[in-house]
Amino acid sequence: MKITLDADKCCAAGQCVLIAPEVFDQRDEDGVVVLLDAEPPADQHDAVREAAAICPAAVIEVQA
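Here is a short report on the structure shown in this document. Everything quoted here is computed from the prediction, not taken from an experiment.

Rules used throughout
- Residues numbered from 1 in each chain as written.
- Predicted model: local features only at pLDDT ≥ 70, side-chain atom pairs only at ≥ 80, totals over all residues.
- Heavy atoms only, no water.
- Helix = DSSP H or I, 4+ residues; strand = E, 2+ residues; numbered from the N terminus.
- Contact = heavy atoms within 4.5 Å.
- Buried < 20%, exposed > 50% of the residue type's maximum accessible area, 1.4 Å probe, protein only.
- Arc of directions from axis to C-beta.
- 1 Å grid on protein atoms, 1.4 Å probe; cavity = no way out; pocket = protein on both sides within 12 Å on 5 of 7 lines; lining within 4 Å.
- Points joined across faces, edges and corners; volume = space filled by probe spheres on them.
- Nonpolar A, V, L, I, M, F, W, Y, C, P; charged D, E, K, R; others polar.

Within the element layout of this structure, Gln-44 appears in the loop between strand 3 (33-35) and helix 2 (45-54). The contact partners of Gln-44, leaving out residues within four places of it in the chain, are Glu-22 and Val-23.

So this is what it looks like as structure tokens:
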């Protein structure tokens, strides 16, 4: 799995951080998403897919 982001479109909802905190974080100054692990281990894949699906700005792209 490989993850890419379009942080410029992030609305700072923070759902990704709540669902997959090992993979996503937010910048302190504005809450925009920060990718902690672009190629997370298999045990994080389901959470990453859920985070991508629930992202209100659709900024998370997951490639198998």
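Next comes the rest of the write-up.
We now examine helix 2. Regarding helix 2, the residues found buried are His-45, Ala-47, Val-48, Ala-51 and Ala-52. The buried residues of helix 2 all sit within an arc of 160 degrees when viewed along its axis, so they share a single face. Exposed side of helix 2, more than 90 degrees from the buried face: Asp-46 and Ala-53 are the residues found there. Looking at the packing, one finds that the buried side of helix 2 touches strand 1 (2-5), helix 1 (15-19), strand 2 (24-26) and strand 4 (60-63).

With that out of the way, let us pick up empty space enclosed by the protein. All chains considered together, the criterion is met by one cavity of 30 Å³ or more. Each pocket or cavity is described by its volume, and for the largest cavity that value is around 100 Å³. As for the largest cavity, its lining consists of 15 residues, of which Cys-10, Ala-13, Gly-14, Cys-16 and Cys-55 are closest to the centre. Of the residues that constitute the lining of the largest cavity, the class distribution is eleven nonpolar, four polar and no charged.

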